[in-house]
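# Examination of the molecular architecture
Now for the letters of each chain:
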Amino acid sequence: MASFRNLSKYSPTVGRCIANNLKDSQTRNVSRCLTCVSNQLNRTASLNDVSLVGTAAVGGGRNRLLREQRAELHLPTSLNPFKGNKRKEYSERRLLGYTMEQMYRVAADVDSYTEFVPWCKQAYTTDHTRGRCKAHMTIGFPPLSENYIANVTTERPNLVKSICKDGRMFDLLATTWKFSPGLAHIPQTCTLDFSVAFEFRSALHSNVAHIFFDEVVRTMVNAFLKRAETIYGPSSIRKQKPRVIAYVS
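The structure displayed is predicted, hence computed values, not measured ones.

Counting 43 residues, the largest nonpolar core has Met103, Tyr113, Met137, Trp177, Phe179, Phe194 and Phe224 as the members making the most contacts within it. Looking at this core, the element that brings in the most residues is helix α5 (residues 203–232), giving eight residues. The contact partners of Tyr113, leaving out residues within four places of it in the chain, are Val106, Ala107, Cys120, Ala123, Met137 and Phe224.

Here it is as structure tokens:
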């Protein structure tokens, strides 16, 4: 988020919006902030931080001035929302107070994702074969929204994997849930290895998404654990902190 906070030196309105709205991480405020950033970046590119490049050409025996205007933010690469890393990844491992079968059922129930997965607006599955199906998804965090179809692979009770490689906004969206045995002396436990990876088509989309990516990865597993608690009751062990394996944002 540092890159967007630092934009305040180039666009005070963007800076004020982020400072005001990122004080808490509620969906309402992050959504408002994203909309403001999107609007202000467009205005900044066209009005304040622009470089107008004029080119002249001579042709047909007449002098003609061809003026090409090119808007380009004068920011270092690390702060420029149109440049930078387009891939974001997160993976973690943690001990859960539910069995592999219980967590597998929660993760594999894609048709119910709208009931408990943050920012999932639509989810239904088709083309069911053994261990495979297609998931029709809509995810949204205004002003960003994406409809896509993912290929889902399941191996009961160990794996639920979803991959989409032809989204409108991203080249890759992959989530993986792997479940393995937990504590030998507490059967109602399992070990989760969770990972999510985004690769956006546009660096601008990627940098705007950075504002809410932290919140998504922080709440995703917890949303599934709350679902498990709703269905199966309280966890058999105290809630464990995750061990973060990889984090690229």
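Next, the rest of the story.
A few words on empty space enclosed by the protein. Counted under the stated rule, the structure contains two cavities of 30 Å³ or more. The volume enclosed by the largest cavity comes to roughly 540 Å³. As for the largest cavity, its lining consists of 35 residues, and the residues nearest its centre are Ile139, Tyr148, Leu173, Phe198 and Met220. When contributions to the lining of the largest cavity are tallied by element, the ones reaching two or more residues are β5 (132–141), β6 (144–155), β7 (159–164), β8 (170–181), β9 (190–200) and α5. In terms of residue class, the lining of the largest cavity is made up of 29 nonpolar, four polar and two charged.

A complete count under the given rule lists seven salt bridges for this structure. Here Glu199 ties to Arg87 by a salt bridge, and the two come within 2.9 Å at their closest N and O atoms. Of this pair, Glu199 sits in strand β9 while Arg87 sits in strand β3 (residues 87–96); the two residues are 112 residues apart in sequence, bridging distant segments of the chain. The exposure class of Glu199 is partly exposed, given its relative accessible area of 28%. Judged by its relative accessible area of 27%, Arg87 falls in the partly exposed class. Among the salt bridges present, the one from Arg94 reaches Glu92, with a minimum N-O distance of 2.6 Å.

Okay, the confidence of the model for the chain next. With 62% of its residues at a pLDDT of at least 70, the chain reaches an overall mean of 75. Per-element confidence in the chain is highest for helix α4 (residues 100–108), whose mean pLDDT is 98, and lowest for strand β1 (residues 57–59), whose mean pLDDT is 40. Between residues 1–12, whose pLDDT stays under 50, and residues either more than four places distant or in other chains, the model counts 27 contacts. The model gives residues 21–30 a pLDDT under 50, and that stretch makes 15 contacts with residues more than four places away or in other chains.

Okay, the sheet that holds β9 next. The strand order β4-β5-β6-β7-β8-β9-β3-β10 describes an open sheet built from eight strands, whose pairing is antiparallel. Taken across any chain shown, the strands that pair with only one partner, and hence form the sheet edges, are β4 (120–129) and β10 (243–248). Going from strand to strand, the sheet's axes swing by 15 degrees on average, the running direction of each strand aside. Against the sheet, α4 makes contact with β3, β6, β7, β8 and β9, and its axis sits at roughly 160 degrees relative to β8, the strand it touches most.

Calculation notes
- Residues numbered from 1 in each chain as written.
- Predicted model: local features only at pLDDT ≥ 70, side-chain atom pairs only at ≥ 80, totals over all residues.
- Heavy atoms only, no water.
- Core = buried A, V, L, I, M, F, W, Y, C linked by side-chain atoms within 4.5 Å.
- Buried < 20%, exposed > 50% of the residue type's maximum accessible area, 1.4 Å probe, protein only.
- Helix = DSSP H or I, 4+ residues; strand = E, 2+ residues; numbered from the N terminus.
- Contact = heavy atoms within 4.5 Å.
- 1 Å grid on protein atoms, 1.4 Å probe; cavity = no way out; pocket = protein on both sides within 12 Å on 5 of 7 lines; lining within 4 Å.
- Points joined across faces, edges and corners; volume = space filled by probe spheres on them.
- Nonpolar A, V, L, I, M, F, W, Y, C, P; charged D, E, K, R; others polar.
- Salt bridge = Lys/Arg side-chain N within 4 Å of Asp/Glu carboxyl O.
- pLDDT = per-residue confidence, 0-100.
- Pairing = 2+ DSSP bridges.
- Axes fitted to C-alpha atoms, helices over the stretch in contact; angles between N-to-C directions.

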